[in-house]
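Geometric and topological summary
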Amino acid sequence: YRYLQESGFLHSAFTFGYESFVHKTNINGNHVPPGALISFIQKGLQYLELEANLNEDGDVPDGEFSPLTPREMLTKDVDELKSVVKERREQVEKDREAQRQQQEQARELEREREREQRREREQQERERDREREKEEPADGPRPAEDEEMEEADDGD
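Residues numbered from 1 in each chain as written. Predicted model: local features only at pLDDT ≥ 70, side-chain atom pairs only at ≥ 80, totals over all residues. Heavy atoms only, no water.

Brief notes about the packing of helix H3 (residues 36-53) against helix H5 (residues 78-135)
Orientation of H3 relative to H5, taken along the N-to-C sense of each, is 55 degrees, at an axis distance of 8 Å. Classified by the angle between their axes, H3 and H5 sit oblique to one another. Of the two elements, H3 crosses H5, and the hand of that crossing is right-handed. Across the interface between the two elements, Leu48, Glu51, Ala52 and Asn53 from H3 touch Val78, Leu81, Lys82, Val85 and Arg89 from H5. Here the contact of H3 with H5 is built from residues that sort into five nonpolar, one polar and three charged. (Axes fitted to C-alpha atoms, helices over the stretch in contact; angles between N-to-C directions. Helix = DSSP H or I, 4+ residues; strand = E, 2+ residues; numbered from the N terminus. Parallel < 35°, antiparallel > 145°, perpendicular 65-115°, else oblique. Left-handed = near helix turned anticlockwise from the far one by under 90°. Contact = heavy atoms within 4.5 Å. Nonpolar A, V, L, I, M, F, W, Y, C, P; charged D, E, K, R; others polar.)

Notes on the nonpolar core
Grouped together as the largest cluster of nonpolar side chains are eight residues: Leu48, Ala52, Leu68, Met73, Val78, Leu81, Val84 and Val85. Secondary-structure elements contributing two or more residues to this core are H3 and H5. The biggest single contributor to this core is H5, with four residues. Those residues within four positions of Leu48 in sequence are excluded, and the remaining contacts are Met73, Val78 and Leu81. (Core = buried A, V, L, I, M, F, W, Y, C linked by side-chain atoms within 4.5 Å. Buried < 20%, exposed > 50% of the residue type's maximum accessible area, 1.4 Å probe, protein only.)

Things to note about the pattern of salt bridges
For side chains of opposite charge, pairing can occur when their charged atoms come near one another. As enumerated under the stated definition, the model contains 13 salt bridges in all. When the shortest N-O distance is used, the salt bridge between Glu93 and Arg100 registers 3.7 Å. Taking the relative accessible area as the measure of exposure, Glu93 reaches 39% and is therefore partly exposed. A salt bridge links Arg119 to Glu116; its shortest N-O distance comes to 2.9 Å. One end of the pair is Arg119 and the other is Glu116, both in helix H5 and three residues apart, which spans about a single turn. Note on Arg119: relative accessible area 41%, which makes it partly exposed. (Salt bridge = Lys/Arg side-chain N within 4 Å of Asp/Glu carboxyl O.)

Quick notes on unusual backbone geometry
Non-glycine residue Phe21 carries a positive phi angle of around 60 degrees. Take Phe21: it is sitting in the loop between helix H2 (10-20) and H3. The partly exposed category is assigned to Phe21, whose relative accessible area is 46%.

Comments concerning a nonpolar patch on the surface
There is a patch of nonpolar side chains on the surface, built from Tyr3, Leu37, Ile38 and Ile41 and spanning about 330 Å² of accessible area. Broken down by element, the residue count for the nonpolar patch peaks at three residues, all from H3. Topologically, Ile41 is positioned in helix H3. Ile41 gets classed as partly exposed once you look at its relative accessible area, which sits at 44%. (Patch = residues over 30% accessible without salt bridge, like charges linked within 9 Å, V, L, I, M, F, W, Y side chains within 5 Å. Areas by Shrake-Rupley, 256 points an atom, 1.4 Å probe, with all protein chains shown as cover.)

Looking at the layout of surface pockets
Looking at the largest pocket, its volume works out to about 410 Å³. Taken together, 19 residues form the lining of the largest pocket, with Tyr1, Arg2, Val22, Ile27 and Gly29 sitting closest to its centre. Within the residue set of the lining of the largest pocket, elements represented by two or more residues are helix H1 (2-6), H2 and H3. Top element by residues in the lining of the largest pocket is H1. It accounts for four residues. Residue composition of the lining of the largest pocket, grouped by class: eleven nonpolar, six polar and two charged. For the second largest pocket, the calculated volume is near 170 Å³. Per-class residue counts for the lining of the second largest pocket are three nonpolar, one polar and five charged. (1 Å grid on protein atoms, 1.4 Å probe; cavity = no way out; pocket = protein on both sides within 12 Å on 5 of 7 lines; lining within 4 Å. Points joined across faces, edges and corners; volume = space filled by probe spheres on them.)

As structure tokens, this is what we get:
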């Protein structure tokens, strides 16, 4: 009755009040706060959503609250809502596991790339060493190297 009045549906409020005999009750309309019906309905929907998110222990798992759509809350009972929440949680867990696997695959690919780069560097170093060995004269080390070797021998 009060909601209809607050919403501007005065004729509907009058008709509803007359047919429901609300004017014959001992409820003082001045003691009913404005928007009380909407507030009660919102609280009821929040309670319903919370109840659907409770697990078997009676608490909501951390970070696992699954919001429900208005359509779901209006068209399904608590048991159906619990199954919706359970399905969503399972899907979230599957998605997380898939994401973990993708991240692990990406890390493995990165490790493989690093190993391949290391192999390539080692191969290049070996090729450079071979080239240096080919460039050295067959009869021994270069003269500058001879002097270094003599200095090393003198120090012993």
